[in-house]
Amino acid sequence: MWVPRREAIEQLKELLTLRERILNNLSRLSKPIQELQKLAKLIADSPQAAIEGTLKALASIEAKLAELFSEDAELRRLHEPITSVGGVEKLTAGQVIVDTPAFKNIKKGKRVPVIVG
């Protein structure tokens, strides 16, 4: 039976997607700076301001993610056992929660390592 996702899971999904887009933009903005190091400082300063703004946006998204995990008891309950595994950080745990609709569509425990992969 289909059950709609909780609002907190939808927010988590949106924040993680936005974070991924910001990281992609940061990568695109950084590359020209590295390639144009030999040109005038004026050229390098223009994308640098965009990079600084992107980094601020990224920090804001990560703060909202942390706030969401701390405010929502169900997310925190799902998040803590995942992050107790060595090498699994909060963002990976969040992505696992989103990708598995809070583990509701997993019938066998063997599927979890495959999803986390």
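Residues numbered from 1 in each chain as written. Predicted model: local features only at pLDDT ≥ 70, side-chain atom pairs only at ≥ 80, totals over all residues. Heavy atoms only, no water.

J.: Residue-level account of the overall build of the protein chain, with values.
T.: Along the backbone of the protein chain there are 5 helices and 0 strands. When the helices and strands of the protein chain are listed from N to C terminus, the series reads α-α-α-α-α. For the protein chain, the residues scored as buried account for 26% of the 117 residues in total. A separation of at least 24 residues holds for 58% of the contacts in the protein chain among residues at least 6 apart in sequence. Accessible surface computed for the protein chain: about 8,200 Å², of which carbon and sulfur atoms make up 56%. (Helix = DSSP H or I, 4+ residues; strand = E, 2+ residues; numbered from the N terminus. Buried < 20%, exposed > 50% of the residue type's maximum accessible area, 1.4 Å probe, protein only. Contact = heavy atoms within 4.5 Å. Areas by Shrake-Rupley, 256 points an atom, 1.4 Å probe, with all protein chains shown as cover.)

J.: Any chance you could break down the nonpolar core for me, citing the residues and the numbers?
T.: Membership of the largest hydrophobic core comes to 19 residues, with the highest contact counts inside it found for L12, L65, L68, L75, I82 and I97. Ranked by residues supplied to this core, first place goes to helix α1 (residues 7–35) with 6 residues. (Core = buried A, V, L, I, M, F, W, Y, C linked by side-chain atoms within 4.5 Å.)

J.: Could you give an account of the side chain of H79, with specific residues and numbers?
T.: With respect to the helices and strands, H79 occurs in helix α3 (residues 73–83). Given the relative accessible area of 12%, H79 is considered buried. With residues up to four places along the chain from it excluded, the contact list for H79 reads F69, K90, A93 and I97.

J.: Which residues make up the pattern of salt bridges, and what are the values?
T.: Taken as a whole, this structure holds 3 salt bridges when the rule is applied. We note a salt bridge from D72 to R6, for which the minimum N-O separation is 2.7 Å. Taken together, the residues span a long stretch of sequence, with D72 in the loop between α2 (41–71) and α3 and R6 in the segment before α1 at a distance of 66 residues. Judged by its relative accessible area of 31%, R6 falls in the partly exposed class. Linking E74 and R77 is a salt bridge whose minimum nitrogen-to-oxygen distance equals 2.7 Å. Placement of the pair is E74 and R77 together in helix α3, with a separation of 3 residues, close to one helical turn. (Salt bridge = Lys/Arg side-chain N within 4 Å of Asp/Glu carboxyl O.)

J.: With reference to specific residues and values, describe α3.
T.: Side chains of residues three or four places apart in an α-helix project in the same direction, reflecting 3.6 residues per turn. L75, L78, H79 and I82 are the residues of α3 that are buried. Buried residues of α3 fall within an arc of 100° about the axis and therefore sit on the same side. You can read the cap of α3 off the contacts: a side-chain oxygen lies 3.1 Å from the backbone nitrogen of E74, and it is on D72. (Arc of directions from axis to C-beta. Polar contact = N/O pair within 3.5 Å; in protein donor to acceptor, adjacent residues only side chain to side chain.)

J.: Before we move on, could you go through the side chain of R19 and cite the residues and values that matter?
T.: With respect to the element layout, R19 can be found in helix α1. Setting aside chain neighbours within four positions, we find R19 in contact with L58, I61, E62, L65 and L91.

J.: An account of the environment of R6 is requested, with residue identities and associated values reported.
T.: Residues R6 and L75, 69 residues apart in the sequence, show an inter-C-alpha distance of 9.9 Å. With residues up to four places along the chain from it excluded, the contact list for R6 reads D72, E74 and L75.

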